[in-house]
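Given next are the chains, with one letter for each unit.
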Amino acid sequence: MAGTDHMALHVRGVLLPDDEARDLYLVGDRVTFEPVAGARTVATGGYVLPGLVDAHCHIGIRPGGAPIESADEARALAAVDRDAGVLAIRDAGSPYPYPELDGDPDVPRLARAGRHIASPRRYLPNIGVEVPAAAVTAEVAAQAKAGNGWVKLVGDWIDRQAGDLRPSWDAATVRAAIETAHAAGVRVAAHTFDEAGVAALVAAGVDSVEHGTGLSTDLVDRMAAQGTALVPTMINVETFDRIADRAQERFPGYAAHMRALRAGFPDVVRAAFQAGVPIYVGTDAGGGIDHGNVAEEMILLAERAGIPPAEVLAAASWRGRTWLGLGGLVEGGPADLVVYDTDPRRDLRAVRDPARVILRGRVVK
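Anyway, here's the lowdown on the structure attached to this text. No experiment lies behind these values; they were computed from the predicted model shown.

### Quick look at the overall build of the chain
Consideration 1: For the chain, the helix and strand inventory stands at 11 helices and 18 strands.
Consideration 2: Computed over its C-alpha atoms, the radius of gyration of the chain comes to 20 Å, within 12% of the 21 Å expected for a compact globule of 365 residues.
Consideration 3: Here the C-alpha coordinates of the chain stretch approximately 70 × 40 × 35 Å along the principal axes.
Consideration 4: The 365 residues of the chain split such that 58% are buried.
Consideration 5: Counted over contacts in the chain with a minimum sequence separation of 6, partners at least 24 positions apart contribute 67%.
Consideration 6: Split by element, the accessible area of the chain, about 14,000 Å² in all, is 50% carbon and sulfur.
Consideration 7: For the chain, the distance from the average position of its 37 positive side-chain charges to the average position of its 48 negative side-chain charges is 1 Å.

So this is what it looks like as structure tokens:
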């Protein structure tokens, strides 16, 4: 359970990204740099970051892959991420609605999609709404109302008749789906592993590519020009060899494809970063990926994809919060912060062990 502090709090440390030692005061859910008499000091020294973001997470899916059955289950899963320093979550598709958690003081700030929208018999059982091409735009309109700013498309999946990854729908359907979402005032996140699938999504103006293992050099240049984001979920992609092993006997072509995508993925992410694609940190927690692993995703981005630690921190903290429409540690901004005893820019492994976690002006850890 989160802390129950309601009095003004005082934190002193090196504030990132400014790299300046400062005193912060937290009054309710707001930051001020003006001294507050009687504020309780909860951290001195260390390195202070705006709260971390898990930009691809599923608190609506139980470990093992079944849908949750109550908002309390979502709250408990979110608490695991919160205690690791994640103070904002973009739930990239939930089979169970939990709008009552928006603004819950114990839950990280939430950006939510409704249910995944998938092609019939082309996704995980009981997770998405499965619709043919003719019904996609209507379903997008419905799911736009179910979330609070995002829609989730499953852009490709294994086609068992073809024995390999294939796009879920034709390019015209994908474009109409994205246009429908934008007309409703929401952004579109799209699951994609396949080369053809991601090409159609980027051409159609998708807002964020999730995973993106099939990206090419030409596509990352276009994404950079458009401002299309990439959320690599490297923890997820690390599982591709195991997926391939299970599929080898029935679908050898698919298995070989998945192994090749995993092997080439660090170079894909590095190329995207070098091209200027906005990259954000997401674990794909839920189902087969444990919650609370944002630090491990950050470390993979640095060690395997070669993204500088300072850039990884930006993606996971202040830059990610800006992308989701949340404020940073500025005068009047939301009182979400994480404190580390050592400088995570020098050793990113520091993010595994936050010394203080404060959500909405209340001490969590």
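### Some points on the environment of P108
Consideration 1: Relative to the elements of secondary structure, P108 occurs in the loop between β6 (86-91) and β7 (109-112).
Consideration 2: In this structure P108 comes out as buried when scored by relative accessible area, which is 0%.
Consideration 3: Taking C-alpha positions, P108 is 9.2 Å from G51, a pair spaced 57 residues apart along the chain.
Consideration 4: Dropping the residues within four chain positions of it, P108 is found in contact with A78, R82, V86, L87, A88, I89, L359 and R360.

### What to know about the sheet that holds β6
Consideration 1: Ordered by their spatial adjacency, 3 strands build an open sheet running β5-β6-β7, and the pairing between neighbours is parallel. What marks the edges here is a single partner per strand, and that holds for β5 (52-57) and β7. Neighbour to neighbour, the strand axes of the sheet diverge by 15° on average, direction disregarded.
Consideration 2: As judged from the 4 bridges shared by β5 and β6, these two strands associate in the parallel manner. Looking at the pairing, V53 lines up with A88 of β6.

### With respect to helix α2 (residues 136-146)
Consideration 1: Burial in α2 covers these residues: V136, E139, V140, Q143 and A144. Angular distribution of buried residues about the axis of α2 spans 145°; they occupy a single face of the element. For α2, the exposed residues lying more than 90 degrees away from the buried face are A138 and K145.
Consideration 2: If you follow the buried residues of α2, they end up packed against β8 (117-118), β9 (129-130), β10 (150-154) and α3 (171-183).

The rules we used
- Residues numbered from 1 in each chain as written.
- Predicted model: local features only at pLDDT ≥ 70, side-chain atom pairs only at ≥ 80, totals over all residues.
- Heavy atoms only, no water.
- Helix = DSSP H or I, 4+ residues; strand = E, 2+ residues; numbered from the N terminus.
- Rg over C-alpha atoms; globule rule 2.2 N^0.38 Å.
- Buried < 20%, exposed > 50% of the residue type's maximum accessible area, 1.4 Å probe, protein only.
- Contact = heavy atoms within 4.5 Å.
- Areas by Shrake-Rupley, 256 points an atom, 1.4 Å probe, with all protein chains shown as cover.
- Lys, Arg positive; Asp, Glu negative; His and termini not counted.
- Charge placed at Lys NZ, Arg CZ, Asp CG, Glu CD.
- Pairing = 2+ DSSP bridges.
- Axes fitted to C-alpha atoms, helices over the stretch in contact; angles between N-to-C directions.
- Arc of directions from axis to C-beta.

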